[in-house]
Protein chains: 2
Amino acid sequence: MNSSGQIEPVTILDAAKRIAPFINHTPVLTSHTIDKLYQAEVFLKCENFQKVGAFKARGATNAVLSLDKVQLSCGVATHSSGNHAQALSWAASLVNAKAFIVMPSNSSKIKVAAVKDYGGIVTFCEPTLASRETTLAGILDQTGATEIHPYNNTRVIAGQATAALELIEEVPGLDILMAPVGGGGLLSGTSLSVHYFLSGGKVIAAEPEQANDAWSSFTRRVFVPSQNPITIADGLRTSLGSITFPIILAHVHQIVTVSEESIIKAMRFLWERMKIIVEPSSAVPFAAIMEGRIETAGKRIGIIISGGNVDLDDLPWRKND
Amino acid sequence: MNSSGQIEPVTILDAAKRIAPFINHTPVLTSHTIDKLYQAEVFLKCENFQKVGAFKARGATNAVLSLDKVQLSCGVATHSSGNHAQALSWAASLVNAKAFIVMPSNSSKIKVAAVKDYGGIVTFCEPTLASRETTLAGILDQTGATEIHPYNNTRVIAGQATAALELIEEVPGLDILMAPVGGGGLLSGTSLSVHYFLSGGKVIAAEPEQANDAWSSFTRRVFVPSQNPITIADGLRTSLGSITFPIILAHVHQIVTVSEESIIKAMRFLWERMKIIVEPSSAVPFAAIMEGRIETAGKRIGIIISGGNVDLDDLPWRKND
């Protein structure tokens, strides 16, 4: 196994073909205002318009469709309180498979309802990692379901890589591709697509300062776990995985961090100027541009806008009233 | 002059060519969720992604670019507190012309700032129609500027018609085109594009129940003015015009009305499901679909999403907390 965790160019191309009938080929949006402000050409790959409102639909679909009939008959399972829970429930429903989702008892009602809406079978557990893992292990034992990890899974990573692949195919000559980093599924996939399909392209990840475990791991080249970080970017609170970290070390060029304030500012800017709903995690790479954390002048920059699932009754700028 | 107010097919095609280098060719979004809910195929023409955040950029640009050098040297003028004020300021700036904008003294600070940001020269007046008209007349006298009415102007109407033209060209075989109706610039333009370029297509307009002057006028075939209506759809509070009304009578098939509650519901649905920011006026046609006011089953339905300019600090669902 090489540093790509057995993900070869053909793995990504196959994933793209496999999931194409089910997922959205999402649009790329541009803005003269943004280009002028940063003397760059910025291309937003809008995965907020993806099925279930996030890129997670790609990886989950690729993983589910890679299983055989016997495996599918026992269903799939995961523990997640975020977009992966919805994505896996939705992907399983495409092939009439069961999706067993372990969710912490303090998960928001909206998220639980969304998972159930997509057909997921929810089991609640205590809001600790230990309880999540024990509960999931119990379900795997009882049902024979296949665990689909949110990011530490080569099929999931290959699926997430297809967002960057589409962007690279649609927008020639990109200099930089940016993505947020949490567990590293999107980032490792993005970096592999750039490595294989965008000669000379650089991958720059962005992470909240207050959840800078990926930055620490990358800088020290040693795995540093995430320790219950407090950030509004709820998709980026997790630690890197044993599969995602080596890929990131091998193929990502830079990780920059941004403040909470600038995440909210970037999110609001994208809402107001681009008229798109993006979730806080999605705004993190653009926050890095707004903060001047990367050289933009004269560059063609692609950004994966990772998702758009927000609670409209709980917007961050309400707290600043 | 025929009922189209001298707007022939070539007038609309010329407008499309004239403004193409300056405006956005906006994307058309679809949603399987919406299609499934209403057993239809629904296509959203996203003018919320248009320059200045609204279709108004089309009409204003066509009107400004139709003027000769002598006219442009004296500038353009209008009274408006809405999207037309921003659109005209922006369009004038494209050709380095002055835009004199009369705004009521109680206009929101955000809107005044936006107009100034696009280079508009703002003159405040009392918040009455009489004061707006007198103040504008004074400016026209002093400056020799050309008045560009927000909707009762054939060049503006021809410009607005290009949104439907693009949609008709991109999505073949539409059965129905929907647009909101306020002063009727967008609706009359849309109805002309359907009349000329979409054989057999029907035009259905939607209007707030609480500002149903267009519905009354259309039903009684007599002009009924708008009387300070109270609706959240702030773009739809105006009366039809002497040019827009006859076009609407001739080429619109139906006008339906919707409640305030359903406008807010439709707006929120589009934000949550489509991940796009739409302003209340833009949600009115979709509200008509949600309310079951039109037959959708088996139909291909295009909707002009007119704009996305909202104050993120003052969202309608906050009031329902």
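Given the structure is predicted, the values throughout are model-derived calculations rather than measurements.

S.K.: Got a sec to walk through the overall build of chain A? Specific residues and values, please.
M.R.: Summing up its helical and strand segments, chain A has 13 helices and 10 strands in all. For chain A, the C-alpha radius of gyration of 18 Å lies close to 20 Å, the compact-globule estimate for 321 residues. Looking at chain A as a whole, 59% of its 321 residues are labelled buried. Sequence-distant contacts, at least 24 apart, represent 73% of the contacts inside chain A between residues at least 6 apart. In chain A, 27 side chains carry a positive charge and 29 a negative one; their mean positions are 2 Å apart.

S.K.: Could you give an account of the relation of the copies chain A and chain B, naming the residues involved and the relevant values?
M.R.: Superposing chain A onto chain B takes a rotation of 180 degrees plus a shift of 0.0 Å along the axis, which leaves an RMSD of 0.0 Å. As the rotation angle and translation indicate, the two copies are arranged about a two-fold axis. Residue Ile276(A), judged by its C-alpha, is the member of chain A lying nearest the rotation axis, at 2.3 Å.

S.K.: Could you give me a rundown of the pairing of strand 7 (residues 176–180) of chain A, with the residues and numbers involved?
M.R.: Residue and element names in this part refer to chain A. Judged by how many residues are buried, strand 7 sits mostly within the fold: 5 of 5 residues are covered. Of the two faces of strand 7, the one holding Ile176, Met178 and Pro180 and the one holding Leu177 and Ala179 are both buried throughout. Summarising the sheet, strand 7 and strand 8 (residues 202–208) pair through 5 bridges and their orientation is parallel. When the bridges of strand 8 are listed, Ile176 appears paired with Lys202. The parallel pair strand 7 and strand 8 is bridged by helix 9 (residues 185–197), and the resulting crossover is right-handed.

S.K.: Describe the pairing of strand 8 (residues 202–208) of chain B, and please don't skip the residues or the numbers.
M.R.: Residues and elements named next belong to chain B. With 6 of 7 residues buried, strand 8 lies mostly within the body of the structure. Bridge analysis of strand 8 against strand 9 (residues 254–258) gives 5 bridges, and the strand direction is parallel. Considered in strand 9, the bridge of Glu207 is made with Thr257.

S.K.: Which residues make up the packing of aromatic side chains, and what values go with them?
M.R.: Enumeration according to the criterion identifies 11 aromatic pairs over all chains in this entry. Ring centres of Tyr196(A) and Phe197(A) lie 6.1 Å apart, and the angle between their planes is 70 degrees; on these two criteria the pair is classed as edge-to-face. The partly exposed category is assigned to Tyr196(A), whose relative accessible area is 22%. Under the relative-accessibility criterion, Phe197(A) is labelled partly exposed at 25%. Centroid distance Trp271(B) to Trp317(B): 5.1 Å. Interplanar angle 85 degrees. Geometry classified as edge-to-face. Taken together, the residues span a long stretch of sequence, with Trp271(B) in helix 12 (residues 260–274) and Trp317(B) in the segment after strand 10 (300–305) at a distance of 46 residues. Here Trp271(B) falls in the buried class, since its relative accessible area comes to 1%. Taken together, the aromatic side chains of Trp271(A), Trp317(A), Trp271(B) and Trp317(B) make up a single cluster linked through ring pairs. Its guanidinium or amino end placed over the ring of Trp317(B), Arg268(B) lies 5.4 Å from that ring's centre, counting from NZ or CZ.

S.K.: Provide a residue-level description of the nonpolar core, including the pertinent values.
M.R.: Counting 79 residues, the largest nonpolar core has Trp271(A) and Trp271(B) as its most contacted members. If near-sequence neighbours (up to four positions away) are discounted, Trp271(A) is found in contact with Ile276(A), Ile277(A), Val278(A), Val310(A), Leu312(A), Leu315(A), Trp317(A), Trp271(B), Ile277(B) and Leu312(B).

Basis of the calculations
- Residues numbered from 1 in each chain as written.
- Chains lettered and ligands numbered in written order.
- Predicted model: local features only at pLDDT ≥ 70, side-chain atom pairs only at ≥ 80, totals over all residues.
- Heavy atoms only, no water.
- Helix = DSSP H or I, 4+ residues; strand = E, 2+ residues; numbered from the N terminus.
- Rg over C-alpha atoms; globule rule 2.2 N^0.38 Å.
- Buried < 20%, exposed > 50% of the residue type's maximum accessible area, 1.4 Å probe, protein only.
- Contact = heavy atoms within 4.5 Å.
- Lys, Arg positive; Asp, Glu negative; His and termini not counted.
- Charge placed at Lys NZ, Arg CZ, Asp CG, Glu CD.
- Least-squares fit on C-alpha atoms with pLDDT ≥ 70 in both.
- Pairing = 2+ DSSP bridges.
- Right-handed = clockwise from strand over helix to strand, strands pointing away.
- Phe/Tyr/Trp six-rings, centres within 6.5 Å; stacked < 30°, edge-to-face > 60°.
- Lys NZ or Arg CZ within 6 Å of the ring centre and 35° of its normal.
- Core = buried A, V, L, I, M, F, W, Y, C linked by side-chain atoms within 4.5 Å.

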